[in-house]
Amino acid sequence: MGLPIGIHAGFVWGYYIINVGGLVKYSSVVGEWIIGINGNPLAGVMGWFFLGAIALFIQRK
């Protein structure tokens, strides 16, 4: 149970630091369906892709 809690805490912390710190500037060059609606990384194709990659990495480990 500690691994999922730690991974979730790391994702939330990283998302907060990146957005509040202004480390990423979203542009309208790429569609929202790819990068996420309103800057939400899980609401786009790239977010689902990276979550799938992380799931495969953890499953094989």
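Everything numeric in this text was worked out from a predicted model, so none of it was measured.

A. Seen up close, the environment of Trp 13. Relative to the helices and strands, Trp 13 is located in helix H1 (residues 2–20). Overall, Trp 13 belongs to the exposed group, its relative accessible area being 58%. In sequence terms Trp 13 and Gly 39 are 26 residues apart; their C-alpha atoms lie 16 Å from each other.

B. How the structure looks around the confidence of the model for the chain. Mean pLDDT over the chain works out to 86, with 100% of the residues at or above the 70 mark. Confidence, expressed as mean pLDDT per element, reaches its minimum in the chain at helix H2 (residues 32–35) with 82 and its maximum at helix H3 (residues 45–60) with 90.

C. Inspection of the packing of aromatic side chains at higher detail. A full pass over the atoms with the stated rule returns one aromatic pair. Taken together, a centroid distance of 5.4 Å and an interplanar angle of 70° make the contact between Phe 49 and Phe 50 edge-to-face. Assessed through its relative accessible area of 53%, Phe 49 is described here as exposed. According to the relative accessible area criterion, Phe 50 is partly exposed, its value standing at 48%.

About the criteria used
Residues numbered from 1 in each chain as written. Predicted model: local features only at pLDDT ≥ 70, side-chain atom pairs only at ≥ 80, totals over all residues. Heavy atoms only, no water. Helix = DSSP H or I, 4+ residues; strand = E, 2+ residues; numbered from the N terminus. Buried < 20%, exposed > 50% of the residue type's maximum accessible area, 1.4 Å probe, protein only. pLDDT = per-residue confidence, 0-100. Phe/Tyr/Trp six-rings, centres within 6.5 Å; stacked < 30°, edge-to-face > 60°.

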